[in-house]
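Structural overview
One letter stands for each residue in the lines below.
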Amino acid sequence: MSNKCKSWVWLYAKRQGDKAYCDLCTENENNEFCCIGGTTGSLGRHLKTIHGIKPLTTVTRRVASGRELDNADTLASSTMTSSSSEVQSSEIGAPIPRKRRRTYKNQEDDRICNSDKTEQIHQALAKMIALNQMPLSFCSSEGFKQFMTVVEPNYKICKEGAIKSRLKALKSSVKEIIQKNLRDSISIACTSDCWSSISQQSYITVSAHIIDNQWCPKSYTLTTHEMEESHNNARNIINAVNSLTNVSETYDLTCAAHSIQLAVNNGLQQDGIDTLIQLSSKVVGHFKHSNLAKHALTKMQEQLGLNQLSLIQSCKTRWDSVYMMLDRLYTNRCAVTNVLADRSITNVAIAKKLDISECDWTKMETVVALLKPLQVVTTVFCGETHSPGSMVRPLISKVIEKHLKINTYDSEVVVSFKQTVVSQLIERFKLNNLTNIISSRQVASFLDPRYKDLEHEEIEVRENIRCKVQNLLVETNTSENRVDNEVPIQKKKGALEYLYGDEVHEVNDVSTQFQCYLAEPQLRYDFDPFEWWKSHEKKYPLVAMAAKKFLSIPATSVSSERCFSTAGNVVTPKRNSLAPENVNMLIFLYQNRQLML
């Protein structure tokens, strides 16, 4: 092979076997620079970085080929001097070797989003819309399109109709799960409430409550149906329930939180209290509408070491809102007073209009103390976890006994408030029921191991409650076609039992179960009744069956009312023309979202 066909690196290196050695390097620990495989690329980089020798051009190669170079050092010297101006001028116009570029093919760009992957994305998108209460048009929005060009460039954006069909399929799957759970339950308790959307469409929401086989309370939103007729919530619901034929318990099952609120509202109508509430509402409204006063209040709270919390305005449709308004206002008494007294922030006319006297502050403190136990019991009834109706009568009786009892040092306003609220609570919760009708809440209290002794009931009523429960157990035992009370059960546990051949009898009749349950000690009020029944179900199977039925009844209809906030996120000013079926679908999926996770 001629020299012009050889690489320039071989002028300074030699190959021995499958290795290449640099002739310019001195001996080192590896003897000489060695490149396994003898590639010219590594030798060229070595010559450029270590010895400062650049690749030979065409002219230099010609010069080098015409000379008699005795060794590599002479050739290296000749090569390094070839960078002079004469040589550079002679190289103008010489062909410059082009570097070979490697092209890399991005396999991600050619990735195909097949039908299975596309459907998986469709399903995930539908679930995201349901969980985040997003509009159906989100699937075709520009933001989502740009997002998908990064995540999955070859994904074909679907239309609203395609997402709607996936949402319907998702609703069907969730519906099947709920139906199965309801079929497996012994008893179902239903709550309902009515509301109006921003577009003035009336809806009714129905929720179901059960206790599953593991004694875990479960709640499901069944439907949100449009009501075309005018409605009065309480009267219509009561009439509708009474007209049903397959409902076993209808007496005294109103929403406990709503009943408490009605009683409290009557107590707050006292002249002294009502005037104080109106004045407090004006003060809160001033700080809500004046940015200057609002920022001044925040700075004053910081200076006084108070939590920087905004004032709360009362609302007639919100439970305990009067208590929260007065409590927050009294907590920030010093900050509010200082801001109203600062003439650079509040002028004289407004300050005079919003002035709260010392007497009013004292009255406010008294009203807050009166309302606190009623607010606490309402919070207990409306808890996120299941609050059974068995708690209603015992806790209302305890509030009356411990917190609304009239004392000798009470003022006239306090006495009037207590008397009004107590009489309202007794009437609305039928605490002095002189009839022989035993309500579902009374039965539930007896079946709750925390209140089974019925200490909150009148002595003559306790025995009536026990008799009704015993009769219910007899009816349940008959309707379920139970086996005879004494059934011989062969239990060959050991050799002696086998030899004697004795038959073991289990006496498990209604009377025995009932009397044994009566003998059980009552639980503390802070124990979990469902855990207790889970461990005693096999011991008292008939009583446990009745307990599942009555303890599944919630204290309030707050589960249905929570749909109001969900509906406010679904039916918005920009989505006020949603079809009722879409409203039902989106609320159903969000309220039962735990079944999609």
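Just so it is clear, the model here is predicted, and its values are computed rather than measured.

Scoring rules and cut-offs
Each chain carries its own residue numbering, running from 1 in the direction its sequence is written. Per-residue local features are limited, in this predicted model, to residues with pLDDT of at least 70; the limit for side-chain atom pairs, both in listing and counting, is 80 or more; totals at the level of whole chains, interfaces and linings are taken over all residues. Side-chain measures were taken over the full set of non-hydrogen atoms in the model, leaving aside hydrogen atoms and water. Any pair of Phe, Tyr and Trp rings, taking the six-membered ring for Trp, is counted once the centres come within 6.5 Å. Such a pair is stacked with planes under 30 degrees apart, edge-to-face with planes over 60 apart, and tilted for the rest. Strands here mean DSSP runs of E at least two residues long; helices mean DSSP runs of H or I at least four residues long; both are numbered from the N terminus. Under the scheme applied here, a residue whose accessible area is under 20% of the maximum for its type counts as buried, over 50% as exposed, and between as partly exposed, the area being computed with a 1.4 Å probe on protein chains only. Criterion for a charge above a ring: Arg CZ or Lys NZ at most 6 Å from the ring centre, at most 35 degrees from the ring normal. Computed over the protein atoms alone on a 1 Å grid, cavities are sets of points where a 1.4 Å probe fits but cannot get out and pockets are open sets with protein on both sides within 12 Å along at least five of seven lines; a residue lines them when it has an atom within 4 Å of a point. Grid points are joined across faces, edges and corners, and a volume is the space filled by probe spheres set on the points. When residues are sorted by character, Ala, Val, Leu, Ile, Met, Phe, Trp, Tyr, Cys and Pro go into the nonpolar class, Asp, Glu, Lys and Arg into the charged class, and all the rest, Gly among them, into the polar class. Should DSSP find at least two bridges between two strands, the strands are regarded as paired. Throughout, an axis means a line fitted to C-alpha atoms (over the contacting stretch in the case of helices), and angles, computed between N-to-C directions, take values from 0 to 180 degrees. Throughout this description, any angle smaller than 35 degrees is read as roughly parallel, any larger than 145 degrees as roughly antiparallel, any in the 65 to 115 degree range as roughly perpendicular, and the remainder as oblique. It only takes one pair of heavy atoms within 4.5 Å for two residues to be counted as in contact. Salt bridge, as used here, is a side-chain nitrogen of Lys or Arg placed within 4 Å of a carboxyl oxygen of Asp or Glu. Each crossing gets its handedness from the near helix: less than a right angle anticlockwise from the far helix is left-handed, clockwise is right-handed. Put simply, a nonpolar core is a bunch of buried Ala, Val, Leu, Ile, Met, Phe, Trp, Tyr and Cys residues held in one set by side-chain atoms that sit within 4.5 Å of each other. The span you would expect from a helix comes to 1.5 Å times its residue count less one.

Here the focus is the packing of aromatic side chains. Under the criterion given, the structure shown has 12 aromatic pairs. Centre to centre, the rings of W195 and F564 are 6.3 Å apart; their planes meet at 55°, and the pair counts as tilted. One end of the pair, W195, is in strand β4 (residues 189–196); the other, F564, is in helix α25 (residues 563–570), with 369 residues separating them in the sequence. Given the relative accessible area of 7%, W195 is considered buried. Judged by its relative accessible area of 32%, F564 falls in the partly exposed class. Residues Y517 and W532 carry aromatic rings whose centres are separated by 6.1 Å and whose planes lie at 70° to one another, so their mutual orientation is edge-to-face. With Y517 in helix α21 (residues 510–519) and W532 in helix α22 (residues 529–536), this pair connects stretches of sequence that are 15 residues apart. Each member of the pair, Y517 as well as W532, carries the same accessibility label: buried. Ring pairing ties together the aromatic residues W215, F446, F514, Y517, W532, W533 and Y540, which thus form one cluster. Its end group placed over the ring of Y525, R524 keeps NZ or CZ at 5.2 Å from the ring centre. Here R593 stacks its cationic end above the ring of Y590, 4.1 Å away from the centre of that ring.

Turning our attention to the layout of surface pockets. The volume enclosed by the largest pocket comes to roughly 1,900 Å³. Here the lining of the largest pocket is built from residues that sort into 23 nonpolar, 17 polar and 10 charged.

Below, the discussion takes up the pairing of strand β6 (residues 217–227). Pairing of strand β5 (residues 202–211) with β6 involves 10 bridges; the strand directions are antiparallel. By the bridge assignment for β6, Y203 is matched with E226. Linking β5 to β6, which pair antiparallel, is a turn of 5 residues; within it W215 sits at a positive phi near 60°.

Right, let's get into the packing of α21 against helix α23 (residues 541–551). Packing of α21 against α23 brings their axes to within 8 Å, and their N-to-C directions diverge by 70°. Here α21 lies roughly perpendicular to α23, going by the angle between them. In this structure, α21 uses V510, Q513, F514 and Y517 to contact α23, whose residues at the interface are P541, L542 and V543. In the contact of α21 with α23, the residues fall into 6 nonpolar, 1 polar and no charged.

Before going further, it helps to examine the pattern of salt bridges. All chains considered together, the criterion is met by 16 salt bridges. Between K548 and E537 there is a salt bridge, with its nearest N and O atoms 3.8 Å apart. Here K548, found in helix α23, pairs with E537, found in the loop between α22 and α23; they are 11 residues apart in sequence, far enough to count as distant. Its relative accessible area of 5% is what places K548 among the buried residues.

The geometry of a pair of packed helices is captured by two quantities: the angle between their axes and the separation between those axes. Axis separation between helix α10 (residues 271–289) and helix α13 (residues 333–341) bottoms out at 12 Å; the angle between their running directions is 70°. Between α10 and α13, the angle falls in the class roughly perpendicular. Once α10 is placed against α13, the crossing between them reads as left-handed. Contacts between α10 and α13 pair V283, H286 and F287 from the former with V336, V339 and L340 from the latter. Residue classes in the contact of α10 with α13 are distributed as 5 nonpolar, 1 polar and no charged.

Across all of its chains, the model carries 1 cavity of 30 Å³ or more by this definition. Approximately 30 Å³ is the volume attributed to the largest cavity. Every residue along the wall of the largest cavity is listed here: I129, A130, Q133, M134, V570, R575 and L586.

With 4 bridges joining them, strand β1 (residues 13–16) and strand β2 (residues 19–22) adopt antiparallel strand pairing. Bridge pairing links R15 to A20 in β2. From the end of β1 to the start of β2, which pair antiparallel, there are 2 residues, and G17 there has a positive phi angle of about 65°.

Here we take up the nonpolar core. Counting residues in hydrophobic clusters, the biggest one holds 52 residues, and the most contacted among them are I260, L268, F287, L374, F381, I396 and L425. Secondary-structure elements contributing two or more residues to this core are α9 (256–267), α10, α11 (291–303), α12 (321–331), α13, α15 (358–381), α16 (392–402) and α17 (412–428). Top contributing element to this core by residue count: α15, with 9 residues. Each residue touching F381, except ones within four places of it in the same chain, is listed here: A256, I260, S387, M391, V392, L395, I396, A555 and T556.

This brings us to α10. The terminal C-alpha atoms of α10 lie 27 Å apart, and with 19 residues this matches the ideal 27 Å at 1.5 Å per residue to within 8%. Those residues of α10 that sit buried are I273, L276, I277, L279, S280, V283, V284, G285, H286 and F287.

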